[in-house]
Amino acid sequence: MNIKKKALDLDFIKYWQAKGLHPILLSILNRRGIVHDADLLNIFYPQFENILSPFEFRNIEKAWQRLDKAIANQEKIIVYGDRDVDGTTSITILVDYLTRIGANVQWDLPIGDEPYGLDKEKILSWQDQFDLCITVDCGSTNISEVQLLNQFNIDTIIIDHHQPLTEVPPAYYIMNPKCEKNIEDDDIAACAVVFLFIYGHQFSKCPYYQKYCTIAYYYQNEFLIDVYQNLIKVGSYKSFSEILFLNEIEHHFYISLKGDPAKPKIPVNFQIIQSPEMITHYSQIQILPALLAELSLKHFLLKDIKESICSQYSIFVMLALIADIMPLTGSNRILSAIGLKYFSSQIPDNLEKLCAILELDFQTISSIDIAWKICPVLNAPGRMGDARTTVNFLLDQKGSSKIDQILQYNEQRKLKSEAAYQLFLKNIQQNKKQYHSQLNFFYHPDIDKGITGITANRLADKTNTPVIVAAENGDFYTGSIRGKSKIHFVDFLTKAQNILQEFGGHKKAAGFRFKKENLQLFTQFLMNHSHFLPLDEKEDTINIDAEIPTNYLNYELFSLLKILEPFGNGNENPTFFTPNIQIESYIAMGKEKEHLKIFFNTSQQRLQGIFWNKASWFKTVYYPEHKYNLIYTCEINNWQGKIIPFLNISHLEPAS
């Protein structure tokens with residue numbers, strides 16, 4: 001077992017430990033490259049005020065103005081989305097919001113064999129039916145379809161997050177972070193983009209919209225004044241006289257910080273605001289006053305918006321971020337943390353009933369439970385051909401009429417995905433050689449196109465290659481590509497654009513469609529271009545986040561890690577190493593007794609670990625008198641009302 005720990009910045013650890021932050025958590029974050037104050041604080045104290053501003057999108061006001069016109073004139077709006085969790089939650093929150101503000105709105109999505117994204121056949125039926133089309137989680141590559149909408153005098157607003165092609169559709173407005181040059185935090189779910197659209201539209205109705213606002217504060221014996229417009233800093237000054245003569249600035253605020261001796265010197269036209277209670281953590285650890293002032297100003301300006309939209313929609317955003325495997329960093333980290341908090345405290349009735357059926361305690365639910373138990377169920381109807389069931393379930397927050405139907409779809413999904421997985425698994429090595437050991441490509445007439453992504457993902461876990469799975473779909477093959485690679489899957493598929501009817505997706509998950517007669521061309525393309533998918537090489541060395549001595553391995557560690565939740569892509573559950581631990585006992589479990597439950601005695605309490613598929617091997621190395629080195633993650637089994645912490649063991653070996 002060759003482990004590697006990145007070196008720590010001990011000055012960083014000591015500095016923040018002195019401010020009350022825990023050294024184990026600081027060590028984990030420091031090894032993950034979290035070195036800036038703002039990034040660290042977003043993890044320990046995630047604040048809505050720190051998410052990406054909707055005003056970072058160029059000319060976003062144009063989209064809100066078009067929406068306002070549609071509502072004022074009672075134009076008919078069609079919201080069109082995708083069939084997965086990101087798409088169905090995007091439809092849900094936008095339709096709910098538009099309904100609340102008086103819009104005449106309907107929604108639709110692909111069902112059955114209908115392709116991803118806008119569909120010309122549907123658009124033909126929309127002529128003279130709708131005036132405005134808003135796409136969510138799709139649309140960025142639908143150039144000809146948007147051209148057709150324009151011919152029918154239907155304006156299109158695209159709200160999406162998928163990688164656009166070189167040419168973008170001629171839409172009325174496109175809100176896609178990947179179409180913006182100045183947005184670094186661009187890898188967010190479509191549902192989060194819809195949330196920002198709603199957030200900005202709400203702010204456009206408040207008295208501070210388009211107005212200049214100052215926030216002044218006293219720091220190191222001088223006054224500092226920052227100027228904001230639409231939540232974005234546009235200037236800084238050090239003189240009240242300069243500010244007071246700028247007639248375009250209408251609103252002046254002063255934040256009185258701890259130990260402030262200058263309060264009596266503030267001009268009378270400055271409104272004094274207090275740092276809100278939720279930001280007291282920031283002042284306690286004495287972060288830069290400029291950040292405190294910014295957060296306090298935004299909190300004041302957003303006080304009538306924040307609670308409303310977070311309580312109504314952050315749960316759906318959290319579900320989408322986790323289901324779509326978005327990196328849980330930056331704005332994604334903040335929004336998912338907020339959504340998880342509301343899930344455990346203000347869960348709507350329909351999701352509470354679903355949790356009860358799945359034997360999950362929503363009050364203590366983790367992101368792992370969301371990823372492995374909630375999201376697959378919500379995804380199932382779309383994979384089996386009719387995601388309208390999921391949208392209707394999510395929109396009916398007071399009821400549960402669609403739960404049985406969703407669960408039936410989920411059982412179908414599990415049976416079909418297992419059959420496809422077993423079908424391809426036996427040929428995986430032979431298939432891999434056909435593509436120069438760089439990828440796998442499987443297709444079969446009897447598999448369902450709704451499970452191509454799941455199957456590709458499971459197969460990719462079995463081999464260190466990307467996996468492509470395609471299913472017959474009428475006159476087409478429809479497929480998915482999953483796995484790890486150093487290049488964006490959409491960039492790879494772009495090389496086959498003369499073969500494909502359509503394609504799109506994310507860096508590690510993409511979809512495509514091509515005509516059946518092009519199967520040989522596509523296969524030949526993969527053979528000729530597999531070298532463009534360089535692998536993420538597996539290392540013999542195991543990178544760990546921290547070494548935990550036996551006397552620190554206890555339930556307190558599990559509680560401590562809750563601060564880092566939600567875990568997921570980009571914010572993985574920490575990997576720990578504990579040397580020289582004593583095994584008290586073990587039992588084999590599973591249908592074929594292939595798994596192990598191992599009991600450890602630490603200095604404080606008895607802990608259990610799960611070691612998957614290692615029962616036979618373990619018997620060859622186990623001796624009661626030996627001690628063992630352990631690599632694991634800390635997880636919670638939340639089942640039937642019982643909360644059981646356990647170590648999810650990835651590696652175990654006798655200690656030297």
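Scroll up for the structure.
Below is a summary of the structure that appears in this document. (Residues numbered from 1 in each chain as written. Predicted model: local features only at pLDDT ≥ 70, side-chain atom pairs only at ≥ 80, totals over all residues. Heavy atoms only, no water.)

Structural notes on the pattern of salt bridges
In step 1: Inspection of the entire model under this criterion finds 22 salt bridges.
In step 2: Of the charged contacts, one joins Arg66 and Glu75 as a salt bridge, the two residues approaching to 2.8 Å between their closest N and O atoms. The burial state of Arg66 is the same as that of Glu75; both residues are buried.
In step 3: Residues Asp369 and Lys373 are paired through a salt bridge, measuring 3.6 Å at the closest nitrogen-oxygen approach. With a gap of four residues between them, Asp369 and Lys373 both fall in helix α15 (residues 367-383), about one helical turn apart.
In step 4: Classification of Asp369 by relative accessible area gives buried; the value is 5%.
In step 5: By relative accessible area, which is 32% here, Lys373 ends up partly exposed.
In step 6: Within the structure, one salt-bridge network assembled from shared partners comprises Arg66, Glu75 and Asp155. (Salt bridge = Lys/Arg side-chain N within 4 Å of Asp/Glu carboxyl O. Buried < 20%, exposed > 50% of the residue type's maximum accessible area, 1.4 Å probe, protein only. Helix = DSSP H or I, 4+ residues; strand = E, 2+ residues; numbered from the N terminus.)

What about the sheet that holds strand β11 (residues 271-273)?
In step 1: Spatial ordering of the open sheet is given by β9-β8-β7-β10-β11, a layout of five strands whose pairing is mixed. Each having just a single partner strand, β9 (232-237) and β11 make up the two edges of the open sheet. The sheet shows a mean angle of 30 degrees between the axes of neighbouring strands, direction not considered.
In step 2: Each of β7 (212-219), β8 (222-229), β10 (249-255) and β11 touches helix α11 (residues 289-301); the most contacted strand, β7, lies at about 140 degrees to it. (Pairing = 2+ DSSP bridges. Axes fitted to C-alpha atoms, helices over the stretch in contact; angles between N-to-C directions. Contact = heavy atoms within 4.5 Å.)

Examining helix α17 (residues 403-425)
In step 1: In this model, α17 (23 residues) spans 32 Å end to end at C-alpha, consistent with the 33 Å of a helix rising 1.5 Å per residue.
In step 2: Regarding α17, the residues found buried are Ile403, Ile406, Leu407, Tyr409, Asn410, Arg413, Ser417, Ala420, Tyr421 and Phe424. (Expected span 1.5 Å × (residues − 1).)

A closer look at the pairing of strand β4 (residues 132-136)
In step 1: Among the five residues that make up β4, five are buried, leaving the element largely enclosed by the rest of the structure.
In step 2: Side chains Leu132, Ile134 and Val136 of β4 all project onto a buried face; the interleaved residues Cys133 and Thr135 project onto the opposite face, where all are buried too.
In step 3: Sheet topology note: the strand β2 (residues 76-80)/β4 ladder contains four bridges and is parallel. Residue pairing across strands places Val79 opposite Ile134, the latter belonging to β4.
In step 4: By the bridge criterion, five bridges tie β4 to strand β5 (residues 155-159) in an arrangement that is parallel. Looking at β5, one finds that Val136 is bridged to Ile159.
In step 5: Taken together, β4, helix α7 (residues 143-151) and β5 form a β-α-β motif whose crossover is right-handed. (Right-handed = clockwise from strand over helix to strand, strands pointing away.)

Focus: the packing of aromatic side chains
In step 1: Taken as a whole and judged by the stated rule, the model has 35 aromatic pairs.
In step 2: Here Tyr622 and Tyr628 contribute two aromatic rings whose centre-to-centre distance is 6.4 Å and whose plane-to-plane angle is 20 degrees, an arrangement assigned as stacked. Across the pair, exposure class does not vary: Tyr622 and Tyr628 are buried alike.
In step 3: Three or more aromatic residues joined by ring pairs make a cluster, and in this case those are Tyr435, Phe441, Tyr443, Tyr477, Phe492, Phe512, Phe514, Phe522 and Phe525.
In step 4: For Arg458, the ring lying beneath its charged end belongs to Tyr421, and the centroid distance is 3.8 Å.
In step 5: Across the ring face of Phe599, the terminal group of Arg606 is positioned such that the distance to the ring centre comes to 4.1 Å. (Phe/Tyr/Trp six-rings, centres within 6.5 Å; stacked < 30°, edge-to-face > 60°. Lys NZ or Arg CZ within 6 Å of the ring centre and 35° of its normal.)

Focus on the pairing of β8
In step 1: Along β8, six of the eight residues are buried, which leaves the element largely enclosed by surrounding structure.
In step 2: Judged from the eight bridges that link them, β7 and β8 form a sheet pairing that is antiparallel. In the strand pairing of β8, Tyr219 is matched with Glu222.
In step 3: With five bridges connecting them, β8 and β9 associate as antiparallel partners. Each residue of the ladder has a partner; that of Gln229, found in β9, is Ile232.
In step 4: Counted between consecutive antiparallel strands, the loop separating β8 from β9 contains two residues, among which Asn230 sits at a positive phi close to 50 degrees.

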